[in-house]
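# Structural overview
The lines below spell out each chain.
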Amino acid sequence: MDYEVTSNRLNGHKRGDIIREADLGDLTTDLLFLVEAGHLSPLKVKKSAKTIDIDPQE
Amino acid sequence: MATTVYLSNPTLTINSVDLQDQCTSATINYVYEQLETTAFGDTARKFGGSAVTSLQNNSIDVELYQSYAASETEATIYGLVGIQTTLVLKPTSAAVSSTNPSYTLTGAYLESHTPINASLGELSTITLTFAGGVLTKATS
């Protein structure tokens, strides 16, 4: 899962960065604590837009 | 001259969160427990030895300004009570080197926290002790 950095305190990252858990290495115990503390926000997976098939005009 | 004056540069991260600008003091206690190995024939007490490996008993004490704002001290620390976390301290914010070593305490336990430590007319501060864990020193 990807996370958006939502504070300027996360070591080595700035607000707006998109990171994964591995980017923090072993320096964090649990990403949930960083989410609860407001340093990270999980990015929701966006569903792709539905496509509409249009019959070609003859 | 071989002295170190701490002005504003030491860095502190707790659980990957940079709290340098809230920190006013930090102390690393690097300890191997003292095991006595004195035996018959000795004329003085001895401790440790090449064949004796004792347990590390490390701790880090930090003093922080309290702040209840978003993503600040309280939000970062409150959830860490009762669990293990990792702290990283460096003498300066410069790159890690032999003259600016980085100390990492992995698996340190925060037993207690004082969410409110208030006195009239004074800035609120908190003092935390992270106990246990393995201390490693990096110079590159």
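Here the structure is a predicted model, which is why all the values come from computation and not from measurement.

### With respect to the interface of chain B and chain A
Think of interface size as the accessible area that goes away when the parts come together; that is how it is often given. Across the boundary between the two partners, chain B contributes 19 residues, which contact 15 residues of chain A. Taken together, both faces of the contact between chain B and chain A bury some 1,300 Å²; the carbon and sulfur share is 48%. Considering only the surface of chain B that becomes buried against chain A, Asn15(B), Ser16(B) and Ser71(B) emerge as the three largest contributors, covering 41% of it. At the surface where chain B touches chain A, the tally comes to 2 salt bridges. Close ionic contact of Glu72(B) with Arg9(A) constitutes a salt bridge, the shortest N to O distance being 2.6 Å. Seen at the junction of chain B and chain A, the total is 6 residue pairs in polar contact (both at pLDDT 80 or more). Elements supplying a minimum of two residues to the side of chain B that touches chain A: β2 (17–18), α1 (73–77) and β5 (84–90) of chain B. A per-element tally of the side of chain B that touches chain A places β5(B) first, with 4 residues. Taken together, the residues of the side of chain B that touches chain A break down into 5 nonpolar, 11 polar and 3 charged.

### Notes on the sheet that holds strand β2 (residues 18–20) of chain A
Consider a sheet: its strands pair through backbone hydrogen bonds, and that pairing is either parallel or antiparallel. Residues and elements named next belong to chain A. Here we have 3 strands laid out as an open sheet, ordered β2-β1-β3, and antiparallel in their pairing. The strands lining the two open edges of the sheet, one partner per strand, are β2 and β3 (40–42). Looking at each pair of strands side by side, their axes are set apart by 40° on average, direction ignored. Here strand β1 (residues 2–5) runs beside β3; their pairing, made up of 3 bridges, is antiparallel. Bridging from a neighbouring strand, tyrosine 3 pairs with proline 42 of β3.

### Section: the pairing of strand β6 (residues 102–110) of chain B
Along a regular strand, successive side chains alternate from one face of the sheet to the other. Residue and element names in this part refer to chain B. Where β5 meets β6, 6 bridges bridge the pair, whose relative direction is antiparallel. Counted as the bridge partner of leucine 89 is tyrosine 103 from β6. Note that β6 and strand β7 (residues 125–131) share 2 bridges and pair antiparallel. In the sheet register, leucine 110 faces β7, and the bridge partner there is phenylalanine 130.

The rules behind each value
- Residues numbered from 1 in each chain as written.
- Chains lettered and ligands numbered in written order.
- Predicted model: local features only at pLDDT ≥ 70, side-chain atom pairs only at ≥ 80, totals over all residues.
- Heavy atoms only, no water.
- Contact = heavy atoms within 4.5 Å.
- Buried area = accessible area lost by both parts, 1.4 Å probe.
- Salt bridge = Lys/Arg side-chain N within 4 Å of Asp/Glu carboxyl O.
- Polar contact = N/O pair within 3.5 Å; in protein donor to acceptor, adjacent residues only side chain to side chain.
- Helix = DSSP H or I, 4+ residues; strand = E, 2+ residues; numbered from the N terminus.
- Nonpolar A, V, L, I, M, F, W, Y, C, P; charged D, E, K, R; others polar.
- Pairing = 2+ DSSP bridges.
- Axes fitted to C-alpha atoms, helices over the stretch in contact; angles between N-to-C directions.

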